[in-house]
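Here is what each chain is made of, one letter per residue.
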2 protein chains.
Amino acid sequence: MEALENILNRRSIRRYTDQPITDEDLHKILEAAMSGPSCVNARDYSFIVVRDEETLLKMAEANGRPAQPLKKAAAGILVLGDLDRAFKGAPDYWIIDGAIACENLILAANALGIGSVWLGTYPQENRVENLKKLFDLPDNIIPHSIIALGYPDEQPTRKGFYEEDRVHFEKW
Amino acid sequence: MEALENILNRRSIRRYTDQPITDEDLHKILEAAMSGPSCVNARDYSFIVVRDEETLLKMAEANGRPAQPLKKAAAGILVLGDLDRAFKGAPDYWIIDGAIACENLILAANALGIGSVWLGTYPQENRVENLKKLFDLPDNIIPHSIIALGYPDEQPTRKGFYEEDRVHFEKW
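Please read these numbers as outputs of a predicted model, since none were measured by experiment.

Caption draft 1: Here's a closer look at the packing of helix H3 (residues 53-62) of chain B against helix H5 (residues 125-134) of chain B. Residues and elements named next belong to chain B. Between H3 and H5, whose axes approach to 9 Å, the crossing angle comes to 155 degrees. Classified by the interaxial angle, the pair formed by H3 and H5 is roughly antiparallel. For the pair H3 and H5, the sense of crossing is right-handed. In this structure, H3 uses Lys58, Met59 and Ala62 to contact H5, whose residues at the interface are Arg127, Asn130, Leu131 and Leu134. Looking at the contact of H3 with H5 residue by residue, the class counts come to four nonpolar, one polar and two charged.

As structure tokens, then:
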């Protein structure tokens with residue numbers, strides 16, 4: 001798909017068919033996730049790719065009501081920040097670096113015809129703690145977001161997205 | 001450009017030719033920036049588009065040493081969070097929503113042949129304060145990042161980006 005169109009037509013997809021995602025496509029999606037910029041090129045993230053149904057159910061329970069689409073997803077990718085790799089001068093850039101990885105991930109999925117919904121975890125502390133426990137994560141590894149993935153079983157229509165009132169020129 | 005290739009081949013560009021960016025391309029870039037997901041669809045961001053040379057110099061001064069490319073940029077876009085629009089239950093999602101807007105912005109620029117470098121502002125408090133003063137921003141509007149834009153006058157080579165040690169399957 002053409003790159004601009006891919007950005008403009010992506011919508012959150014919460015209903016999926018039973019079609020699995022191939023290892024090859026998962027690899028492409030993860031490569032895209034790791035191809036964004038990061039603060040001082042720290043690449044302070046990691047990923048847990050989950051396709052096991054039982055684990056997807058547990059992730060859905062751990063991440064609050066909006067995470068229900070995980071229960072029928074072909075895969076869920078837990079995106080994690082890695083504080084040991086983060087920029088020492090301002091470690092909170094891990095939050096931004098993780099978001100870059102997530103956005104690239106969902107755009108790459110869309111380019112491959114795979115739908116996704118981004119399930120926010122950080123900064124909601126109960127979700128962060130639930131997932132830390134579920135995956136028994138070390139202290140330096142912080143749950144950032146979960147991306148649910150699957151072939152679309154719904155087709156949300158595109159809405160106009162440019163909003164004039166958000167754009168200022170030269171000054172506020 | 002093909003969507004996956006556009007994500008994989010994007011590199012930070014810090015040297016620019018004198019070629020200006022058209023209003024039409026700027027509009028496309030901003031539309032892409034506003035086409036990502038955001039927490040509860042809050043769309044809690046705004047943009048200041050700067051092409052005035054003197055203002056670009058002041059932004060470069062305000063945002064620390066890595067911001068020097070702004071001095072020769074065709075445009076600088078200051079991406080801002082809007083706390084009045086942020087999700088009340090967890091307003092810090094504004095940081096993630098701003099990062100999504102920035103990543104879409106640089107990917108759209110790349111698709112149009114326009115180079116960019118992402119200049120981190122938040123969470124570095126001195127940069128945030130300098131830019132708040134420079135643009136006399138209201139209290140609810142927080143500087144997130146600056147994106148410097150211009151036609152590339154350098155061609156960094158692509159590096160491999162998939163790192164096996166960042167990817168886990170089913171468990172940590």
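Caption draft 2: How the structure looks around the interface of chain B and chain A. Between chain B and chain A, the contact holds 69 residues from the first and 69 residues from the second. When the area that chain B buries against chain A is broken down by residue, the three leading residues are B:Arg166, B:Glu170 and B:Trp172, summing to 14%. Seen at the junction of chain B and chain A, the total is four salt bridges. We note a salt bridge from A:Arg85 to B:Asp165, for which the minimum N-O separation is 3.5 Å. At the boundary of chain B with chain A, the tally comes to 32 residue pairs in polar contact (both at pLDDT 80 or more).

Caption draft 3: Representation of the relation of the copies chain B and chain A in the model. Expressed as a screw transformation, the operator carrying chain B onto chain A has a rotation angle of 180 degrees and an axial translation of 0.0 Å, and the superposed copies differ by an RMSD of 0.0 Å. Read as a symmetry element, the transformation amounts to a two-fold axis. Ranked by how close their C-alpha atoms come to the rotation axis, the residues of chain B are headed by B:Ala3, at 1.9 Å. Mapped onto chain A, 100% of the interface residues of chain B are again interface residues, and the two copies thus contact each other with one and the same surface.

Caption draft 4: Just the sheet that holds strand S1 (residues 45-50) of chain B, in detail. The strand order S5(A)-S1(B)-S2(B)-S4(B)-S3(B) describes an open sheet built from five strands, whose pairing is mixed. Sheet topology places strand S5 (167-169) of chain A together with strand S3 (115-120) of chain B at the edges, where each strand pairs with a single neighbour. Averaged over all pairs of adjacent strands, the angle between their axes in this sheet comes to 25 degrees, without regard to strand direction. Judged from the six bridges that link them, S1(B) and strand S2 (residues 75-82) of chain B form a sheet pairing that is antiparallel. When the bridges of S2(B) are listed, B:Phe47 appears paired with B:Val79.

Caption draft 5: Layout of the side chain of B:Arg127. Looking at the secondary structure, you find B:Arg127 in helix H5. Comment: no salt bridge for buried B:Arg127; closest opposite-charge side chain is B:Glu125, at 11 Å. A distance of 2.9 Å separates polar atoms of two side chains, one belonging to B:Arg127 and the other to B:Gln124. Look past the residues within four positions of B:Arg127 in its chain and what remains in contact with it is A:Tyr93, B:Ala62, B:Asn63, B:Gly64, B:Pro66, B:Gly120 and B:Thr121.

Caption draft 6: Up close: the pairing of S3(B). All names here are of chain B. Among the six residues of S3, six are classified as buried, and the element is accordingly described as predominantly covered. What you see with S3 is no split at all: Gly115, Val117 and Leu119 on one side and Ser116, Trp118 and Gly120 on the other are buried throughout. Where S3 meets strand S4 (residues 141-150), six bridges bridge the pair, whose relative direction is antiparallel. Paired with Val117 across the two strands is Ala148, which belongs to S4.

Caption draft 7: Up close: the sheet that holds strand S5 (residues 167-169) of chain B. What the five strands build is an open sheet, ordered S3(A)-S4(A)-S2(A)-S1(A)-S5(B); its pairing is mixed. The open sheet is flanked by strand S3 (115-120) of chain A together with S5 of chain B, the only strands paired with a single partner. On average, each strand axis in the sheet is tilted by 25 degrees relative to the strand beside it, whichever way the strands run. Sitting on the sheet, helix H5 (residues 125-134) of chain A is in contact with strand S2 (75-82), S3 and strand S4 (141-150) of chain A, with an inclination near 85 degrees to S4(A).

Caption draft 8: Molecular detail of the packing of aromatic side chains. All names here are of chain A. For the structure shown, the criterion picks out six aromatic pairs over all chains. Where Tyr45 meets Phe47, the ring centres are 5.6 Å apart and the plane angle is 45 degrees; that geometry is what we call tilted. According to the relative accessible area criterion, Tyr45 is buried, its value standing at 2%.

Cut-offs and rules
- Residues numbered from 1 in each chain as written.
- Chains lettered and ligands numbered in written order.
- Predicted model: local features only at pLDDT ≥ 70, side-chain atom pairs only at ≥ 80, totals over all residues.
- Heavy atoms only, no water.
- Axes fitted to C-alpha atoms, helices over the stretch in contact; angles between N-to-C directions.
- Helix = DSSP H or I, 4+ residues; strand = E, 2+ residues; numbered from the N terminus.
- Parallel < 35°, antiparallel > 145°, perpendicular 65-115°, else oblique.
- Left-handed = near helix turned anticlockwise from the far one by under 90°.
- Contact = heavy atoms within 4.5 Å.
- Nonpolar A, V, L, I, M, F, W, Y, C, P; charged D, E, K, R; others polar.
- Buried area = accessible area lost by both parts, 1.4 Å probe.
- Salt bridge = Lys/Arg side-chain N within 4 Å of Asp/Glu carboxyl O.
- Polar contact = N/O pair within 3.5 Å; in protein donor to acceptor, adjacent residues only side chain to side chain.
- Least-squares fit on C-alpha atoms with pLDDT ≥ 70 in both.
- Pairing = 2+ DSSP bridges.
- Buried < 20%, exposed > 50% of the residue type's maximum accessible area, 1.4 Å probe, protein only.
- Lys, Arg positive; Asp, Glu negative; His and termini not counted.
- Phe/Tyr/Trp six-rings, centres within 6.5 Å; stacked < 30°, edge-to-face > 60°.

Distances and angles like these do not, on their own, reveal function.
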